[in-house]
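Take a look at the letters that make up each chain.
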Amino acid sequence: RRGGCQGTAMPDDADASAVTPAAVKRDRGAGEGETTKENDALDVHAEVAGNEEEEDDELEYENRLRRKRSKGGLGASEKCPFLDTVNRNILDFDFEKFCSVSLTNLNVYVCLVCGKYFQGRGPGTHASTHSLECGHHVYMHLANGRTYCLPDGYEVIDSSLADIRYNLNPTYTPKEIAEMDSKARWSRSLDGVEFLPGVLGINNIRMNDYANVIVQALNRVVPLRNFFLQASSQETMKSQLAQRFGELLRKLWNPRAFREHVSPHEFMQSVIKTSNKRFRLDKQSDPVEFLQWFLNTLHSHLGGTRTPGSSVVHKCFQGALEVTDLDKATGTAGHIQTMPFLMLGLDLPPTPLFKDSHEKNIIPQVQLFHILQKFDGETVYEAVNKGRKTYKLSKLPPYLILHMKRFTKNNFFMEKNPTIVTFPVKNLELKDYLPVPTDSNGNPVPSKYNLVANVVHDGKPGEGSYRMQVHHKADESWYEMQDLVVQDMLPQVVALAEAYLQIYELQS
């Protein structure tokens, strides 16, 4: 993937999903004068002990460098003669922070000359060896952004490296977060391409476009986005899935990005691990199924409970339905219960079986208001093995997720319903078509929504691809994103495609 010395290449993306630090034999010879010792039967306790030894060796080495520097044995850190060898065009912080030799994620540095990752910086470590073999001398710690010149080992303090440290870990002030939806500020990548922060393409590594569109959709949910951009949230997160999702969102809004796109590699590796390989890079999945799993898992990992509003996920998306069971014989109302929801599934009318007079297949159209009548409290819905029921909205969420049920499975294959759903991009007023909840005074609660994200499926059922249409508030424009490709579009075109998943925002 990157140029440099032989034998130190980063692991191939095709194999990276199966690599974990626990499955790799570690290099124990990180101290000065020590030799490499391999242990095929390394257990957990021995690995922990080895980690502590490496940290002790690194601390001892740092103390020795300080003593030498205090005695004049090392040059001033501000006068590194190798800063002109730093190559920003080759730096890529989207991949997992593993040493390219030992495949450990402990104490890893990036070579700012060739972009490869190496463990340690003391004598005999992989980074030090690389500096001697290849003449690459400037290294940055991937955890804290501190920079060192190897093999001498002195710290490099230079303001010219600030942009690299920022790209390693983008951060935002409360003022910057507040202005994201009011000021459109175009930026320029290293290769001169202009881009709009927040509207960056996401790399389709193999077949992960189903996850890319969900990330782009959730990126339009302001409270959820702001939660993951805030520094205070980053410090308290213990879930790796939540951390990786937050890192990806921060990269999507990076105004100093070296490239006009990002790779979800670290995020997808966390998804693969957390879902026990239910969602993978090499297998196409349904974005609706992924969204359901991701929101529930994220809610749990953020400390959410059954209590309403116990996490930012439920604060944004949780609404409630009043479900009434009907007697099979008489049709009279029976048991009534309140059921929370994060997403509403909408049934499409059956596809016509006949062709028109021109021998062309008829593609029907239906208005969104019509298929929303399922939740008017009067339309009887008969589910298999669940009896006859009626549904009525009893609580409206700040962000309403709608799923058009386009795919149906039978015993032989999967079918796709191509019905076009027409919908308003702005001012979807639910109370004009459905009974909505009322406040303490008996008045209808606010129920006017604006569309902020629209997921479209192209191609055959079980195959095809997904693309994303999003509204960017700062410039009041619509953009279509399909993997790395981002282009502006007219809002009138949004309703012409086969919408599969939508997110609406309640007007304030």
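Residues numbered from 1 in each chain as written. Predicted model: local features only at pLDDT ≥ 70, side-chain atom pairs only at ≥ 80, totals over all residues. Heavy atoms only, no water.

## Thoughts on the overall build of the protein
Okay, so step 1: Summing up its helical and strand segments, the protein has 13 helices and 25 strands in all.
Okay, so step 2: Considering the protein as a whole, with its 508 residues, one finds that 49% of them fall into the buried category.
Okay, so step 3: Accessible surface for the protein amounts to roughly 25,000 Å². Of this, 49% is attributable to carbon and sulfur atoms. (Helix = DSSP H or I, 4+ residues; strand = E, 2+ residues; numbered from the N terminus. Buried < 20%, exposed > 50% of the residue type's maximum accessible area, 1.4 Å probe, protein only. Areas by Shrake-Rupley, 256 points an atom, 1.4 Å probe, with all protein chains shown as cover.)

## Thoughts on the nonpolar core
Okay, so step 1: In this structure, Leu218, Phe245, Phe267, Phe290, Phe294 and Phe317 are the most contacted members of the largest nonpolar core, which totals 65 residues.
Okay, so step 2: If near-sequence neighbours (up to four positions away) are discounted, Phe294 is found in contact with Leu218, Leu241, Phe245 and Phe267.
Okay, so step 3: Ranked by size, the runner-up nonpolar core spans 33 residues in total, among them Leu321, Leu428, Val436 and Val494. (Core = buried A, V, L, I, M, F, W, Y, C linked by side-chain atoms within 4.5 Å. Contact = heavy atoms within 4.5 Å.)

## As for the sheet that holds strand 3 (residues 138-141)
Okay, so step 1: Spatial strand order, 2-1-3-4-5: 5 strands in an open sheet with antiparallel pairing. The two strands at the open ends of the sheet, each matched to only one other strand, are strand 2 (117-119) and strand 5 (154-156). Here the average twist between neighbouring strands, direction ignored, is 40°.
Okay, so step 2: Pairing analysis gives 3 bridges linking strand 1 (residues 108-111) to strand 3, with the strands arranged antiparallel. If you follow Val110 over to strand 3, its bridge partner there is Met140.
Okay, so step 3: Contacts from helix 3 (residues 126-134) reach strand 1, strand 2 and strand 3, with the element oriented near 120° to strand 2. (Pairing = 2+ DSSP bridges. Axes fitted to C-alpha atoms, helices over the stretch in contact; angles between N-to-C directions.)

## With respect to the state of the cysteines
Okay, so step 1: Considering all chains together, one arrives at 0 disulfides under this definition.
Okay, so step 2: Left without a disulfide partner, Cys80 is nearest to the cysteine sulfur of Cys149, which lies 4.1 Å away. (Disulfide = S-S within 2.5 Å.)

## Some details on the packing of helix 6 (residues 209-218) against helix 11 (residues 287-301)
Okay, so step 1: The contact between helix 6 and helix 11 brings their axes to 9 Å, and the two run at 55°. Taken together, the axes of helix 6 and helix 11 lie oblique to each other. Note that helix 6 runs across helix 11; the crossing there is right-handed. Contacts from Tyr210, Ala211, Val213, Ile214 and Leu218 in helix 6 reach Pro287, Phe290, Leu291, Phe294 and Leu295 in helix 11.
Okay, so step 2: Within the contact of helix 6 with helix 11, the residues separate by chemical class into 10 nonpolar, no polar and no charged. (Parallel < 35°, antiparallel > 145°, perpendicular 65-115°, else oblique. Left-handed = near helix turned anticlockwise from the far one by under 90°. Nonpolar A, V, L, I, M, F, W, Y, C, P; charged D, E, K, R; others polar.)

## Digging into the packing of aromatic side chains
Okay, so step 1: One pass over the structure, following the stated rule, counts 19 aromatic pairs.
Okay, so step 2: Their ring planes at 85° and their centres at 5.0 Å tell us that Phe228 and Phe245 sit as a pair that is edge-to-face. With a gap of 17 residues between them, Phe228 in helix 7 (residues 222-229) and Phe245 in helix 9 (residues 240-252) connect regions that are remote in the sequence.
Okay, so step 3: With a relative accessible area of 0%, Phe228 lands in the buried category.
Okay, so step 4: A centroid spacing of 5.8 Å and a plane angle of 85° characterise the contact between Phe267 and Phe294, whose relative ring orientation is edge-to-face. Of this pair, Phe267 sits in helix 10 (residues 265-274) while Phe294 sits in helix 11, and the two are 27 residues apart along the sequence.
Okay, so step 5: An aromatic cluster of three or more residues is present, and its members are Tyr210, Phe227, Phe228, Phe245, Phe267, Phe279, Phe290, Trp293 and Phe294.
Okay, so step 6: Between the NZ or CZ atom of Arg121 and the centre of the ring of Tyr148, over which it lies, the distance is 3.8 Å. (Phe/Tyr/Trp six-rings, centres within 6.5 Å; stacked < 30°, edge-to-face > 60°. Lys NZ or Arg CZ within 6 Å of the ring centre and 35° of its normal.)

## Some remarks on the pattern of salt bridges
Here the idea is simple: oppositely charged side chains can pair when their charged atoms come close.
Okay, so step 1: Scanning all chains against the criterion turns up 19 salt bridges.
Okay, so step 2: The closest approach of N and O atoms between Arg146 and Glu155, which form a salt bridge, is 2.8 Å.
Okay, so step 3: Note that Glu476 is salt-bridged to Lys426, the shortest N-O span being 3.7 Å. Of the two residues, Glu476 is situated in the loop between strand 22 (465-472) and strand 23 (477-482) and Lys426 in the loop between strand 19 (420-422) and strand 20 (428-429); the sequence distance between them amounts to 50 residues. (Salt bridge = Lys/Arg side-chain N within 4 Å of Asp/Glu carboxyl O.)

## Quick look at the pairing of strand 22
Okay, so step 1: In terms of residue burial, strand 22 counts as a mostly covered element, since 7 of its 8 residues are buried.
Okay, so step 2: Two successive antiparallel strands, strand 21 (residues 448-458) and strand 22, enclose a turn made up of 6 residues, where Gly459 displays a positive phi of approximately 105°.
Okay, so step 3: Both strand 22 and strand 23 contribute to a ladder of 5 bridges, which runs antiparallel. Within the sheet, the bridge partner assigned to Val470 lies in strand 23 and is Tyr479.
Okay, so step 4: In this antiparallel pair of consecutive strands, strand 22 and strand 23, the connection spans 4 residues, and Glu476 shows a positive phi of 55°.

## Side note on helix 11
Okay, so step 1: Between the first and last C-alpha of helix 11 there are 20 Å, a value that for 15 residues agrees with the 21 Å anticipated at 1.5 Å per step.
Okay, so step 2: Restricting attention to buried positions, one finds in helix 11 the residues Pro287, Val288, Phe290, Leu291, Trp293, Phe294, Leu295, Thr297, Leu298 and His299.
Okay, so step 3: At the N-terminal end of helix 11, a side-chain oxygen is found 2.8 Å from the backbone nitrogen of Val288, two or three residues along, and the residue is Asp286. (Expected span 1.5 Å × (residues − 1). Polar contact = N/O pair within 3.5 Å; in protein donor to acceptor, adjacent residues only side chain to side chain.)

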